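A closer look at the structure
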Amino acid sequence: MLRFHTPHSPATEEQVRLIEERIGKRLPDDYREFLLTVNGGYRPDPGIFDVPGEGTSEWHGVLGFAGRGSYDLRRHLHPESEYLPHCLPIGHDICGNNLLLGLHESHFGRIYWEDHELTQHGEQRPPIRLADSFTEFLRALRLRNESKRA
């Protein structure tokens, strides 16, 4: 179970329904349930995750329905990765890199990490898949004081 330094209150069915109308599809069931029961917050623990080929990172901000402010999911509906159209930002790591939820049928429900830094040639790097589902991503999170899982 995630614990947050600063948690949000659970989202309402109406809030989730309005986001689904805005994006034009139903959210994956596991992420939808997360919004309705937990809804994100600041500095989750466990919050450490592995980024293949990059090392580890820390989930810093978990977007949800937070009223006003940078942790409100509704403020982040427009940014899309040029590599993964139809993704929903669901948070960011401690360095400001995006965590994305795939909404397109080719990657629906998958979780990706998107580096905000450009390559030396000024290009965006492709996002890196972290998990095949939100549930899988949550299960792989580690506590800050926990060593890497085998």
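A quick note: this is a predicted structure, and the numbers were derived from the prediction, not measured. (Residues numbered from 1 in each chain as written. Predicted model: local features only at pLDDT ≥ 70, side-chain atom pairs only at ≥ 80, totals over all residues. Heavy atoms only, no water.)

Quick look at the pairing of strand β6 (residues 98–102)
Rules: Partly exposed residues are those whose accessible area sits between 20% and 50% of the maximum for their type, while under 20% is buried and over 50% is exposed, using a 1.4 Å probe and protein chains only. Labels follow the DSSP assignment, with helices taken as runs of H or I lasting at least four residues and strands as runs of E lasting at least two, numbered in each case from the N terminus. DSSP bridges decide pairing: two strands pair if at least two such bridges lie between them.
Within β6, 4 of the 5 residues are buried, leaving the element largely enclosed by the surrounding structure. Sheet topology note: the strand β5 (residues 87–93)/β6 ladder contains 5 bridges and is antiparallel. Looking across to β6, one finds that His-92 is bridged to Asn-98. Here β5 folds back onto β6, and the loop between the two strands holds 4 residues, one of which, Gly-96, carries a positive phi near 90°.

What about the pattern of salt bridges?
How we decide: What makes a salt bridge here is a side-chain nitrogen of Lys or Arg within 4 Å of a carboxyl oxygen of Asp or Glu, nothing more.
Under the defined criterion, the tally for this structure stands at 14 salt bridges. Of the charged contacts in the structure, one is a salt bridge between Glu-20 and Arg-32, with a shortest N-O distance of 2.7 Å. With Glu-20 in helix α1 (residues 13–23) and Arg-32 in helix α2 (residues 29–37), the pair connects residues that are 12 residues apart, well separated along the chain. The same class applies to Glu-20 as to Arg-32, namely buried. A salt bridge links Asp-72 to Arg-74; the nearest nitrogen and oxygen atoms lie 2.7 Å apart. The class for Asp-72 is buried, based on a relative accessible area of 1%. Assessed through its relative accessible area of 32%, Arg-74 is described here as partly exposed. Within the structure, one salt-bridge network assembled from shared partners comprises Arg-43, Asp-45, Glu-58 and Arg-144.

A short note on the packing of α1 against α2
Stated precisely, the cut-off is as follows: Where helices are involved, their axes are fitted lines through C-alpha atoms of the stretch in contact, as for all axes, and angles between N-to-C directions lie from 0 to 180°. In this scheme, roughly parallel covers angles under 35 degrees and roughly antiparallel covers those over 145, while 65 to 115 is roughly perpendicular and the rest are oblique. By definition, any crossing whose near helix is turned counterclockwise from its far helix by less than a right angle is left-handed, and any crossing with a clockwise turn is right-handed. Whether two residues touch is decided by their heavy atoms; if any such pair falls within 4.5 Å, the residues are in contact. Residues are grouped as follows: Ala, Val, Leu, Ile, Met, Phe, Trp, Tyr, Cys and Pro are nonpolar; Asp, Glu, Lys and Arg are charged; every other residue, Gly included, is polar.
Interhelical geometry of α1 versus α2 gives an angle of 140° and a closest axis separation of 9 Å. Relative to α2, α1 is oriented oblique. With respect to the hand of their crossing, α1 and α2 are arranged in right-handed fashion. Across the interface between the two elements, Glu-13, Val-16 and Glu-20 from α1 touch Arg-32, Leu-35 and Leu-36 from α2. Among the residues making up the contact of α1 with α2, the classes are represented as 3 nonpolar, no polar and 3 charged.

Topic: α1
Given 3.6 residues per turn, any residue in an α-helix points the same way as the ones three and four places further on. Test applied: What the arc describes is the spread of directions from the helix axis to the C-beta atoms.
Within α1, burial applies to Val-16, Ile-19 and Glu-20. One face of α1 carries all of its buried residues, which in axial projection span an arc of 100°. When the buried face of α1 is taken as reference, the exposed residues oriented beyond 90 degrees from it are Glu-21 and Arg-22. Contact partners of the buried residues in α1: α2. Once α1 finishes, Gly-24 follows within two positions and takes phi at roughly 80°, a positive value.

A look at the environment of Ile-111
Position of Ile-111 relative to the elements: it lies in strand β7 (residues 111–114). A sequence separation of 23 residues divides Ile-111 from Phe-134, and the C-alpha atoms of the two residues are 6.3 Å apart. Among all residues touching Ile-111, those that are not within four sequence positions of it are Ile-90, Leu-100, Leu-101, Ile-128, Arg-129, Leu-130, Ala-131, Ser-133, Phe-134 and Phe-137.

On their own, these measurements won't tell you what the molecule is for.
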